[in-house]
Amino acid sequence: QVQLVESGGGLVQAGGSLRLSCAASSSGIIFSINNVDWYRQAPGKQRELVAAISTGGTTNYVDSVKGRFTISRDNAKNTVYLQMNSLKPEDTAVYYCNAIVTITPSTYSYWGQGTQVTVSS
């Protein structure tokens, strides 16, 4: 089994910044992380894909966060980050990471537990 743990959420004023982390770990299992996505879900709304990063580092963003959010990865630490700048109240949501993980010979999809981001106006 591989565990994904998100951290870095919190309460911030509009215009502020937060950096979310999504760290993967396992108990003795050799694995590799492929694509990783960050999603968010606001109360009463569907879960939304916010940013994605491929194994090779190609990134994609939903239009509403382009120019404000940056997704990156540190393969040595099995960690993916989401740097969020110029935050807006509409960014308030629970943020989840989803990783496609290879445990040879199979691939699996794992989700983190979520981290709350609240942006006050």
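Rules behind the numbers
- Residues numbered from 1 in each chain as written.
- Predicted model: local features only at pLDDT ≥ 70, side-chain atom pairs only at ≥ 80, totals over all residues.
- Heavy atoms only, no water.
- Helix = DSSP H or I, 4+ residues; strand = E, 2+ residues; numbered from the N terminus.
- Rg over C-alpha atoms; globule rule 2.2 N^0.38 Å.
- Buried < 20%, exposed > 50% of the residue type's maximum accessible area, 1.4 Å probe, protein only.
- Contact = heavy atoms within 4.5 Å.
- Areas by Shrake-Rupley, 256 points an atom, 1.4 Å probe, with all protein chains shown as cover.
- Salt bridge = Lys/Arg side-chain N within 4 Å of Asp/Glu carboxyl O.
- Polar contact = N/O pair within 3.5 Å; in protein donor to acceptor, adjacent residues only side chain to side chain.
- Core = buried A, V, L, I, M, F, W, Y, C linked by side-chain atoms within 4.5 Å.

Draft legend 1. Broad picture of the overall build of the protein. Along its length, the protein carries zero helices and eleven strands. Over its C-alpha trace the protein gives a radius of gyration of 14 Å, about what one expects of a compact globule, namely 14 Å for 121 residues. Based on the C-alpha atoms only, the size of the protein along its principal axes is roughly 45 × 25 × 25 Å. Classification of the 121 residues of the protein by burial places 42% in the buried group. Taking as baseline every contact in the protein between residues at least 6 positions apart, the subset at least 24 positions apart corresponds to 53%. Accessible surface, the protein: about 6400 Å² in total, of which carbon and sulfur atoms supply 49%.

Draft legend 2. Summary view of the pattern of salt bridges. In the structure shown here, the tally under the stated rule is four salt bridges. The partner of Arg40 in a salt bridge is Glu48, with the nearest N and O atoms 2.8 Å apart. Its relative accessible area of 7% is what places Arg40 among the buried residues. Across the pair Arg40 and Asp91 runs a salt bridge whose closest N-O atoms are separated by 2.9 Å. Here Arg40 is found in strand β4 (residues 32-41), whereas its partner Asp91 is found in the loop between β8 (79-84) and β9 (93-103), with 51 residues between them in sequence. Comparing Arg40 with Asp91 shows no difference in burial state: the two are buried. Members of the salt-bridge network, linked through shared partners, are Arg40, Glu48, Arg68 and Asp91.

Draft legend 3. Spotlight on the side chain of Thr102. Looking at the secondary structure, you find Thr102 in strand β9. Given the relative accessible area of 19%, Thr102 is considered buried. At 2.8 Å, the side chain of Thr102 and the side chain of Asn34 are in polar contact. Excluding residues that lie within four positions of it along the chain, Thr102 makes contacts with Ile30, Phe31, Ser32, Asn34 and Thr107.

Draft legend 4. Just the nonpolar core, in detail. Counting residues in each nonpolar core, the largest one holds 31 residues, and the members touching the most others are Trp38, Phe69, Leu82, Met84 and Tyr95. Sorting the residues of this core by element identifies β1 (2-7), β3 (18-26), β4, β5 (48-53), β7 (69-74), β8, β9 and β11 (115-120) as the ones contributing at least two each. Here this core gets six residues from one element, more than from any other, and that element is β9. When sequence neighbours within four positions are dropped, the list of residues in contact with Tyr95 reads Glu6, Leu20, Trp38, Tyr39, Arg40, Val50, Phe69, Leu82, Met84, Gly114, Thr115 and Val117.

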